[in-house]
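Breakdown of the fold
This is what each chain is made of:
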Amino acid sequence: MERLKVRRDFVSAAGGRKVSKRAFTLQARRRGDTLPARIGFTVTKRTAKKAVERNRIRRRLKEAVRLTAERLVRPGVDYVLIGRRA
């Protein structure tokens, strides 16, 4: 599993499927290859004004993915998790 770091990858994932939950929104898009899945994390300033709060939310998302990714992530797909305050 790799990380998404380039903005165009985040934007292209936004064009895929979306699932909203209380704590986050998940965006997923198939790339059309069999390379390992890539995951990106983002928390907007609208969610939390202070960087400390945004980073805390981001760290929690990363830990949740680390614990469950092997069961849920498919190769050849880009995922973006958009954190919410909840």
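Let me sum up the structure you'll find in this document. (Residues numbered from 1 in each chain as written. Predicted model: local features only at pLDDT ≥ 70, side-chain atom pairs only at ≥ 80, totals over all residues. Heavy atoms only, no water.)

This paragraph deals with the sheet that holds strand β5 (residues 77–83). Remark on secondary structure: sheet strands pair via backbone hydrogen bonds, oriented parallel or antiparallel. The mixed open sheet is built from five strands, whose spatial order is β1-β4-β5-β3-β2. Looking along the sheet, the strands with just one partner apiece sit at the ends: β1 (2–3) and β2 (17–20). Examined bridge by bridge, β1 and strand β4 (residues 38–42) share two bridges and lie parallel to one another. Residue R3 lies in a different strand from β4, and its bridge partner there is I39. Against the sheet, helix α1 (residues 7–14) engages β2, β3 (24–30), β4 and β5, with an angle of about 95 degrees to β3. (Pairing = 2+ DSSP bridges. Helix = DSSP H or I, 4+ residues; strand = E, 2+ residues; numbered from the N terminus. Contact = heavy atoms within 4.5 Å. Axes fitted to C-alpha atoms, helices over the stretch in contact; angles between N-to-C directions.)

This next bit is on the pattern of salt bridges. As a working rule, side chains carrying opposite charge can pair if their charged atoms are close by. For the structure shown, the criterion picks out six salt bridges. In this structure, the salt-bridge partner of R38 is D9, at a minimum N-O distance of 3.5 Å. In this pair, R38 is assigned in strand β4 and D9 in helix α1, connecting sequence segments 29 residues apart. Both residues of the pair, R38 and D9, count as buried. For the salt bridge of R38 with D78, the shortest nitrogen-to-oxygen distance reads 2.8 Å. (Salt bridge = Lys/Arg side-chain N within 4 Å of Asp/Glu carboxyl O. Buried < 20%, exposed > 50% of the residue type's maximum accessible area, 1.4 Å probe, protein only.)

Turning to α1, its buried residues number three or more, namely D9, F10 and A13. For α1, the buried positions fall inside an angular range of 100 degrees around the axis, keeping them on one side. Away from its buried face, by an angle of more than 90 degrees, α1 presents the exposed residues R7 and R8. Looking at the buried positions of α1, the neighbouring elements they touch are β3, β4 and β5. (Arc of directions from axis to C-beta.)

Attention now goes to the nonpolar core. With 13 residues, the main nonpolar core has I39, F41, I57, L61, V65, Y79 and L81 as its most contacted residues. Residue assignment for this core shows that the elements contributing at least two residues are β4, α2 (51–72) and β5. No other element matches the four residues that α2 contributes to this core. Residue contacts for I57: discarding those within four places in its chain leaves V43, T47, A48, G83, R84 and R85. (Core = buried A, V, L, I, M, F, W, Y, C linked by side-chain atoms within 4.5 Å.)

As a further point, take the pairing of β3. The side chains of a regular strand alternate between both faces of the sheet. Taken together, the four bridges between β2 and β3 define a ladder with antiparallel strand orientation. Looking at β3, one finds that K18 is bridged to Q27. Hairpin connection of β2 to β3: three residues between the antiparallel strands. The sheet contact formed by β3 and β5 spans seven bridges and is antiparallel. Within the sheet, the bridge partner assigned to R30 lies in β5 and is V77.

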